Amino acid sequence: MENVFLLLSFLAVLKLIVEEGERTSWWLRGIHALVYGVFILALHPLALTFNKIWVDETLNTLRWLNDVTLFVMLDLVLSILAMTSYDVRWPSRARFRYYGLLQLLFDSLHKTAYFLPPLLIFPALFYFRVELLFLLTGYSFVGVSVGLALGVVLLVLLAPYISRFLSLSRETGILLSFVTFLLVITAMLFTPEGMIHGISQSDVGSELLHSGLLLVAFALVTGSGYIIQRIVKHS
């Protein structure tokens, strides 16, 4: 499962480049870059206390993968809203009279997602920091953290140019979000706790959790279709 977590982290970085590349404002990317850099530096003393093997074994449990799935699902929704926010107008009095309060609230959340940093990059940066802690054993721990922070800051600030060079688009970002979600679901299915070993008593809480995940996934797909339909209708 170590390779799966590492692949998820790389996908999160690639998705970060696409999403930040769509943010044309230098000040917004600068704020996001500052948040990422401060997060890595603040994470430094905590990362020194973690064992990489313990992190991999903890993540490779059904309970943690369920939490990761919900987190990735939330990141997927916010990514879709952020990538499609260009096609939504800011709320106004005229739109309130025509569409009503509920549509105005949805439009406000839709536009606000553009200003939020991608959520998935934070656990990815944590995993990269723990990984580098055991790969670069002969280097200064503080120097590695500072280097990682500076690398992420430059990556975010230069994201539009990198996206243009790699021909990445908004559709690529949405596709990466879906691929990440499917990869987490696949990892959850193949985790040792997720496999059936003989006959066991049914757990009501677990069944309710799985039913809730199914309902959330259904709502996510339905909401995505609704957003795409609105974009096509207004284009």
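Going by the structure above, here's the rest.
Quick look at the structure, then. (Residues numbered from 1 in each chain as written. Predicted model: local features only at pLDDT ≥ 70, side-chain atom pairs only at ≥ 80, totals over all residues. Heavy atoms only, no water.)

**Remarks on empty space enclosed by the protein**
1) Next: Considering all chains together, one arrives at two cavities of 30 Å³ or more under this definition.
2) Next: One number sums up the size of the second largest cavity: a volume of about 40 Å³.
3) Next: The element that contributes the greatest number of residues to the lining of the second largest cavity is helix α4 (residues 62-83), accounting for four residues. (1 Å grid on protein atoms, 1.4 Å probe; cavity = no way out; pocket = protein on both sides within 12 Å on 5 of 7 lines; lining within 4 Å. Points joined across faces, edges and corners; volume = space filled by probe spheres on them. Helix = DSSP H or I, 4+ residues; strand = E, 2+ residues; numbered from the N terminus.)

**Looking at the packing of aromatic side chains**
1) Next: Inspection of every chain in the model, using the stated rule, returns six aromatic pairs.
2) Next: Ring plane angle 75 degrees and centroid distance 5.2 Å describe the contact between F10 and F128, whose orientation is recorded as edge-to-face. With F10 in helix α1 (residues 2-21) and F128 in helix α7 (residues 121-135), the pair connects residues that are 118 residues apart, well separated along the chain.
3) Next: Taking relative accessible area as the criterion, F128 reaches 12% and is therefore assigned buried.
4) Next: When the ring of F39 is compared with that of F122, the centres are 5.1 Å apart and the planes differ by 80 degrees; the resulting orientation is edge-to-face. Linking F39 in helix α2 (residues 26-47) with F122 in helix α7, this pair joins segments that are 83 residues apart in sequence.
5) Next: Over the face of the ring belonging to Y114 we find R23, whose NZ or CZ atom lies 5.7 Å from the ring centre. (Phe/Tyr/Trp six-rings, centres within 6.5 Å; stacked < 30°, edge-to-face > 60°. Buried < 20%, exposed > 50% of the residue type's maximum accessible area, 1.4 Å probe, protein only. Lys NZ or Arg CZ within 6 Å of the ring centre and 35° of its normal.)

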